[in-house]
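# Reading the structure
Below are the chains, spelled out letter by letter.
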Amino acid sequence: HSGGILDTLEDMKEKAEGQLADLRKAEVNTKHNYEMLKQSLEDQMAADTKDMDDEKSDKAAAAEAKATAEGDLQATLKDLADAQKALETAKASCMQTAADHEATVNARTEELKVIDEARKILAETSAGAVSQSYSFVQLGSRARMQSRADL
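Residues numbered from 1 in each chain as written. Predicted model: local features only at pLDDT ≥ 70, side-chain atom pairs only at ≥ 80, totals over all residues. Heavy atoms only, no water.

## Observations regarding the pattern of salt bridges
Throughout the structure, instances matching the rule amount to five salt bridges. Asp-116 is paired through a salt bridge with Arg-119; the nearest N and O atoms lie 2.8 Å apart. Taken together, the positions of Asp-116 and Arg-119, both in helix α1 (residues 2-125) and three residues apart, correspond to about one turn of that helix. The class for Asp-116 is partly exposed, based on a relative accessible area of 31%. Sharing partners across several salt bridges, the network here consists of Asp-116, Arg-119 and Lys-120. (Salt bridge = Lys/Arg side-chain N within 4 Å of Asp/Glu carboxyl O. Helix = DSSP H or I, 4+ residues; strand = E, 2+ residues; numbered from the N terminus. Buried < 20%, exposed > 50% of the residue type's maximum accessible area, 1.4 Å probe, protein only.)

Shown next as structure tokens:
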């Protein structure tokens, strides 16, 4: 009987050793899987940290560009307002110059009409004067000077 017990114990020992080997193998696999997962998570965390730092850098650059653009916008709006003011001034000046020119042209036209009319009147009233001769000899003077102020 003792052989049967020894065989049973021997079988139990082999079975326990097999289970122990399987458990050790599973533990090694589990530890390896854990190390791989840990490394993967650390790599992912490092990549995410780098991406976050890049995003922060890009955000800072964008904020700086926005501030510059807003400053440029304000300067451009001021320049636009100044240009519009100058344009309004130029328009007003131009309109005044045009009005002055119009008044000058109208006055000149009126003067030319008056001169033409005066020429016609002179031509009508002095038509016979061309054939007459005139002399500028003074025949006499009756005026007397009474004081030195009359000179």
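Next comes the rest of the account.
## Topic: a negative patch on the surface
A surface patch of negative charge is lined by Asp-7, Glu-10, Asp-11, Glu-14 and Glu-17. Mapped onto the elements of the fold, Asp-11 is located in helix α1. (Patch = residues over 30% accessible without salt bridge, like charges linked within 9 Å, V, L, I, M, F, W, Y side chains within 5 Å. Areas by Shrake-Rupley, 256 points an atom, 1.4 Å probe, with all protein chains shown as cover. Lys, Arg positive; Asp, Glu negative; His and termini not counted. Charge placed at Lys NZ, Arg CZ, Asp CG, Glu CD.)

## Things to note about a nonpolar patch on the surface
A cluster of nonpolar side chains, Ile-5, Leu-6, Leu-9 and Met-12, forms an exposed patch at the surface whose accessible area comes to about 420 Å². Mapped onto the elements of the fold, Met-12 is located in helix α1. You can call Met-12 exposed: its relative accessible area is 52%.

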